[in-house]
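These are the residues of each chain, in order.
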Amino acid sequence: MKRRLALHALAGSAALAAAPLVVRAADAKPFKIGFILPMTGQSASTGKQIEAAVKLWMAQNGTTVAGRKIELILKDDAGTADTTRRIAQEMVVNDKVDVLAGFGLTPLAFATAPIATQSKTPMVVTAAATSAITEQSPYIVRTSFTLPQVSVSIAEWAGKHGIKSVVTFVADYGPGIDAEKFFKSQFLLNGGKVIGEIRSPLRSPDFAPFLQKVADQKPDAVFVFLPSGQGAAFMKQFAERGLDKSGIKLIATGDVTDDDQLNDMGDVALGIVNSHHYSAAHPSAANKKFVAAFEAANKFRPNFMAVAGYDGMRVIYAALAATKGAGGGDALLAAMKGQVFESPRGPVLIDAQTRDIVQDVYIRKVERVPAMGNQLYNVEFDVQKQVKDPAKTK
Ligand code: PHB
């Protein structure tokens, strides 16, 4: 009797010990990542790039992390904030996503931040780049960049290379205003003068009247920020107005000489000096591997949006692994903070205090590269290492 009991107890405890494992494997809920991206409308190239990168990450790294099956839910917000908000709400309430991600434009990230806070859902921003976004919710982590981060370097370069007067030309919303402000303050520090500040509407990119103003003001250079997707239209009008032959230099953030459109811009883009955190021509082994795999899968070149999407997936996968598959908003967020890894763009850190990305910023020049099929690329020739968002260090 005693022995039977003991055996029974033994069997019982063995069964108990095994039970959680068995239950876990069979009942483990899928881990849901809800990407909200502009797949249509003016910023559709951002959605196309990020979707391709997310799918590449999953093809390369599998769809199970720490015993959890990864389920990707991807929805199109067409770049409209009301739609982003509604989709985010549905993803949190109905789909019960574990992480929200994407956000192709600043207003879309702002619209979603309160939902992330209320539901304690980590929100990984893989595109939008106004500095203040990360301050809208303690649940936001960013893998893209900020406009202050990349605008300061080109201002410094301009000041040291004989450019004395500049007209700034930016899209009239968050990231443009950040670019204008941080370019200006650094350029003034380097002894330059800003003789005009032009803001063009985000939604109707007819640049002609503004370009005429630039021509009239005759600065040494015009500094331009426009969001990804508008660079080609801008360059076309720049050439049509004869500005390429006016002696006014064009300098920019790399959003304008975007890898998604650069090769189609043609010779008018040659020689543009710009600053950014990613070039498809970045000469590291990690990047060459990334670009080759991306191009093989998609038949187009990855741009900075793709890299931020790819790295966003890495940050999410690593956080889930760190929680041993348990997940949970606060635990995931804690595991995202402080991550350090080599991105195709170079070494990066998710700053644990600001939840924003710290990364190298490169000065590049648009060149035709014989060794790369004679195509146009942003060729890096100088670098500032490990740049924190300057809007957050004050
Ligand atoms: C933004 O809306 O924050 C944004 C979009 C595209 C860019 C940069 C910033 O290239």
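Residues numbered from 1 in each chain as written. Predicted model: local features only at pLDDT ≥ 70, side-chain atom pairs only at ≥ 80, totals over all residues. Heavy atoms only, no water.

Participant: How would you summarise the site of the ligand if you had to cite specific residues and measurements?
Facilitator: Taken together, the neighbourhood of the ligand is formed by 14 residues, with Thr106, Ala129, Tyr173, Ser228 and Asp255 sitting nearest. At 2.7 Å from an oxygen atom of the ligand is found a side-chain nitrogen or oxygen belonging to tyrosine 173. At 2.6 Å, a side-chain N or O of aspartate 255 approaches an oxygen atom of the ligand. Contact with the protein chains removes 99% of the 280 Å² of surface that the ligand exposes when unbound. Judged by the proximity of its atoms to the pocket grid, the ligand belongs to the largest cavity. Per-class residue counts for the shell around the ligand are nine nonpolar, four polar and one charged. (Near = heavy atom within 4 Å. Polar contact = N/O pair within 3.5 Å; in protein donor to acceptor, adjacent residues only side chain to side chain. Areas by Shrake-Rupley, 256 points an atom, 1.4 Å probe, with all protein chains shown as cover. 1 Å grid on protein atoms, 1.4 Å probe; cavity = no way out; pocket = protein on both sides within 12 Å on 5 of 7 lines; lining within 4 Å. Sits in = over half its atoms within 2 Å of the grid points. Nonpolar A, V, L, I, M, F, W, Y, C, P; charged D, E, K, R; others polar.)

Participant: So, the nonpolar core: which residues are in play, and what are the values?
Facilitator: Membership of the largest hydrophobic core comes to 116 residues, with the highest contact counts inside it found for Phe169, Val224, Phe234, Ile251 and Phe290. Tallying contributions element by element places helix 11 (residues 304–322) first for this core, with eleven residues. Not counting residues up to four positions away in its chain, the partners in contact with phenylalanine 169 are Ile198, Ser200, Phe207, Phe210, Leu211, Val214, Val222, Phe223, Val224, Phe225, Leu226 and Phe234. (Core = buried A, V, L, I, M, F, W, Y, C linked by side-chain atoms within 4.5 Å. Buried < 20%, exposed > 50% of the residue type's maximum accessible area, 1.4 Å probe, protein only. Helix = DSSP H or I, 4+ residues; strand = E, 2+ residues; numbered from the N terminus. Contact = heavy atoms within 4.5 Å.)

Participant: Give a description of the pattern of salt bridges that names residues and reports values.
Facilitator: Going through the model one piece at a time under the given rule, you end up with 18 salt bridges. Residue glutamate 156 pairs with lysine 160 through a salt bridge whose shortest N-O separation is 3.3 Å. Here lysine 160 and glutamate 156 lie together in helix 5 (residues 147–160), a separation of four residues that amounts to about one turn. Between lysine 245 and aspartate 244 there is a salt bridge, with the nearest N and O atoms lying 3.2 Å from each other. Three or more residues joined by partner-sharing salt bridges are found here, namely Arg142, Asp356, Asp389 and Lys392. (Salt bridge = Lys/Arg side-chain N within 4 Å of Asp/Glu carboxyl O.)

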